[in-house]
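Geometric and topological summary
Listed here are the chains, written in short residue letters.
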Amino acid sequence: AYFHQIFFANPWFDPQLPSWVAHEGSRIVGFIGVLARPMRYRGRPLRAAVVSQLMVDQERPHGTAAALLLRKALAGPQALTISDGANDASRRMWEALGGLNSALYSLQWRRLLRPAQYALERLAGRARAAALLAKPIAVIADAYGAQRRTLRRPVALREEPLDAAALLDGLRGAAACVAVAAEYDCASLEWILAQARAKRRHGELQSALLRAPDGEIGGWFLYYLNGGTSRVLQVHAREGSEHAVLDHLFHHAWARGAAALEGRMEPRLARALGERHSLFLSTSVYALLHARDPEVLAALARGDAFFSRLEGEWWMRFI
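Residues numbered from 1 in each chain as written. Predicted model: local features only at pLDDT ≥ 70, side-chain atom pairs only at ≥ 80, totals over all residues. Heavy atoms only, no water.

Side note on the layout of surface pockets
- Taken as a whole, the largest pocket encloses approximately 460 Å³ of empty space.
- Lining the largest pocket are 26 residues, with Ala174, His236, Ala237, Arg238 and Glu239 positioned closest to its centre.
- For the lining of the largest pocket, the elements supplying multiple residues, two or more each, are helix H6 (164–175), strand S10 (217–225), strand S11 (229–237) and strand S15 (305–306).
- Here the lining of the largest pocket is built from residues that sort into 13 nonpolar, six polar and seven charged. (1 Å grid on protein atoms, 1.4 Å probe; cavity = no way out; pocket = protein on both sides within 12 Å on 5 of 7 lines; lining within 4 Å. Points joined across faces, edges and corners; volume = space filled by probe spheres on them. Helix = DSSP H or I, 4+ residues; strand = E, 2+ residues; numbered from the N terminus. Nonpolar A, V, L, I, M, F, W, Y, C, P; charged D, E, K, R; others polar.)

Remarks on the packing of aromatic side chains
- Enumeration according to the criterion identifies 15 aromatic pairs in this entry.
- Each ring, one from Phe3 and one from Phe318, has its centre 4.7 Å from the other, and the planes form 50°; the classification is tilted. Of this pair, Phe3 sits in helix H1 (residues 2–8) while Phe318 sits in the segment after S15, placing them 315 residues apart in sequence.
- Using a relative accessible area of 35% as the deciding quantity, one classes Phe3 as partly exposed.
- Residue Phe318 is classed as partly exposed on the basis of its relative accessible area, which comes to 21%.
- Both rings, one in Phe8 and one in Phe13, keep their centres 6.2 Å apart while their planes meet at 45°; by these two values the pair is tilted.
- In this structure Phe8 comes out as partly exposed when scored by relative accessible area, which is 46%.
- Put simply, the rings of Tyr2, Phe3, Phe7, Phe31 and Phe318 pair up and form one aromatic cluster.
- Directly above the ring of Trp314 sits Lys199, whose terminal nitrogen or CZ lies 4.1 Å from the centroid. (Phe/Tyr/Trp six-rings, centres within 6.5 Å; stacked < 30°, edge-to-face > 60°. Buried < 20%, exposed > 50% of the residue type's maximum accessible area, 1.4 Å probe, protein only. Lys NZ or Arg CZ within 6 Å of the ring centre and 35° of its normal.)

What to know about the pattern of salt bridges
- What the rule picks out here adds up to 16 salt bridges.
- The partner of Arg40 in a salt bridge is Glu183, and the shortest N-O contact between them spans 3.1 Å. With Arg40 in strand S2 (residues 27–41) and Glu183 in the loop between strand S8 (180–182) and helix H7 (186–198), this pair connects stretches of sequence that are 143 residues apart.
- Here Arg40 falls in the partly exposed class, since its relative accessible area comes to 29%.
- Residue classification places Glu183 among the partly exposed positions, given a relative accessible area of 32%.
- Here Arg309 and Glu262 are joined by a salt bridge, their closest N and O atoms 2.4 Å apart. One end of the pair, Arg309, is in the segment after S15; the other, Glu262, is in strand S12 (residues 260–264), with 47 residues separating them in the sequence. One exposure class covers both Arg309 and Glu262, and it is buried.
- A single network of salt bridges, built from pairs that share partners, joins Arg42, Arg268, Arg302 and Asp304. (Salt bridge = Lys/Arg side-chain N within 4 Å of Asp/Glu carboxyl O.)

This is how it looks when you write it as structure tokens:
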């Protein structure tokens, strides 16, 4: 039912961009999902597709099936193809077929909010008893550290509930500042936000709209809250509000018990993230791109795009 909902009942369904199965006789031995995603490049419509769930039957080797499926998906009428939940095997196939591994969007940032408790979380898998005994000390250390790091409630921006209409307004403003961005309307945005809320693997989805004193949108954030590492789905700040938006995000998660925040690289926030003591990490999950127009590919490669986890496949419950 979930496969049908995502690949056949989404707001952007396009029969010219089908998902594919590989057959061996009457037996299905592989699948790749294709999800149309309308975008814009410098104000012009850009037909794009997100691919997900490349899989083959493991009962016997089907090494060519995966490559055949990916080749079919990339050969569609779309101008841009994206995957941001790919493993190393997928990365090698994409590159062999002319795709690009985006080193920029494959990076992650991480901000420790409760460093001592974060360290205990990492230790618990190997020494659970010791981690439990050390928990009270870690709580005291983090409470003291929060005051020294001034993780107090910021006042530069005003927090408001984030609904689809306000987010749509913000996304359109953000899209005007970059070369490549996804195109939403209110119905499609409400649909994908409902899908994102239903993904409970990482915790409950939190969000806030941030307004500047002049009433303009200063930014917003969406993240999944849990007591360990909370994962950011999308964060944006207008120019000049980067530090204020991050301060609100960090305080929001800290006040609700998160030990750390982790998100995908946001090129326009990179300097502010570094200045707010975030770590930058490479991972084994890749953001992969394929475009027929080298200018579109170059724009994404240099980060001239609004491309959060909401625009790829990461928001799906598969990932």
